[in-house]
Amino acid sequence: DIFQLVYYESPMWMLWIALAAAAGKLIGGLMAERFNKVNYISASLLSSLVLLQFSQKHPVFLLGGIALLQSTLPACVVLFNRFLGNQPAMSNAVVLGLAIVLGSFPYQFPDVELFYWIGGTLGLLVLLFWFIKRKVRSSLN
């Protein structure tokens, strides 16, 4: 957990992390209304992955990565709500879980090629979402 890591090394950064996450969500809500949601999510996730890789070099990279990662949440909730057939609670559950999983990769596998882990996980998540969508549609019919 990022908060525990920062708390034990430097507790003052916890406030900055919380502010970066809040700012990211606010900015992400604005960006989701203005731009193509899929393109914005892709660019933000890729940018946050790069910044989080360098987060051990300087805390600014950590804050920027957290803000970009959190900025994807509003667009993801809207997209998954449409994908799941207007189920807001399920959309929030899926999106928040996905953000946590993707954000943990740089810290869980620091010495391993991340491309394979992220690609494999995203592939499994796409299959899971496809399965959920089929279940939802079959239960509605």
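Structure: above.
These numbers were taken from a predicted model, which means no experiment stands behind them. (Residues numbered from 1 in each chain as written. Predicted model: local features only at pLDDT ≥ 70, side-chain atom pairs only at ≥ 80, totals over all residues. Heavy atoms only, no water.)

### So, unusual backbone geometry
So, step 1. Positioned with a positive phi, N86 is a non-glycine residue whose angle comes to about 60 degrees.
So, step 2. Following the sequence through the fold, N86 ends up in the loop between α5 (73-83) and α6 (88-108). (Helix = DSSP H or I, 4+ residues; strand = E, 2+ residues; numbered from the N terminus.)

### Here we look at helix α2 (residues 13-34)
So, step 1. The end-to-end C-alpha separation of α2 is 31 Å, in line with the 32 Å expected for 22 residues at 1.5 Å each.
So, step 2. For α2, the complete set of buried residues consists of I17, A20, A21, G24, G28 and A32. One face of α2 carries all of its buried residues, which in axial projection span an arc of 100 degrees. Among the exposed residues of α2, those oriented more than 90 degrees off its buried face are L15, L26, L30, E33 and R34. (Expected span 1.5 Å × (residues − 1). Buried < 20%, exposed > 50% of the residue type's maximum accessible area, 1.4 Å probe, protein only. Arc of directions from axis to C-beta.)

### Topic: the packing of helix α3 (residues 37-53) against helix α4 (residues 59-71)
So, step 1. For the pair α3 and α4, interaxial distance at closest approach is 8 Å and the crossing angle is 155 degrees. When the interaxial angle is binned, α3 and α4 end up roughly antiparallel. You can see that α3 and α4 cross each other, and the crossing is left-handed. Where α3 approaches α4, its residues Y40, S44, L45, S47, S48, L51 and L52 are matched on the opposing element by F61, L62, G64, G65, I66, L68, L69 and S71.
So, step 2. Here the residues of the contact of α3 with α4 are counted per class, giving nine nonpolar, six polar and no charged. (Axes fitted to C-alpha atoms, helices over the stretch in contact; angles between N-to-C directions. Parallel < 35°, antiparallel > 145°, perpendicular 65-115°, else oblique. Left-handed = near helix turned anticlockwise from the far one by under 90°. Contact = heavy atoms within 4.5 Å. Nonpolar A, V, L, I, M, F, W, Y, C, P; charged D, E, K, R; others polar.)

### A closer look at the packing of α2 against α4
So, step 1. Following both chains from N to C, one finds α2 and α4 inclined at 35 degrees, their axes separated by 7 Å at the closest point. Both α2 and α4 take part in a crossing whose hand is right-handed. Along the contact surface, α2 presents W13, W16, I17, A20, A21, G24, K25 and G28, while α4 presents P59, L62, L63, I66, A67, Q70 and S71.
So, step 2. In terms of residue class, the contact of α2 with α4 is built from ten nonpolar, four polar and one charged.

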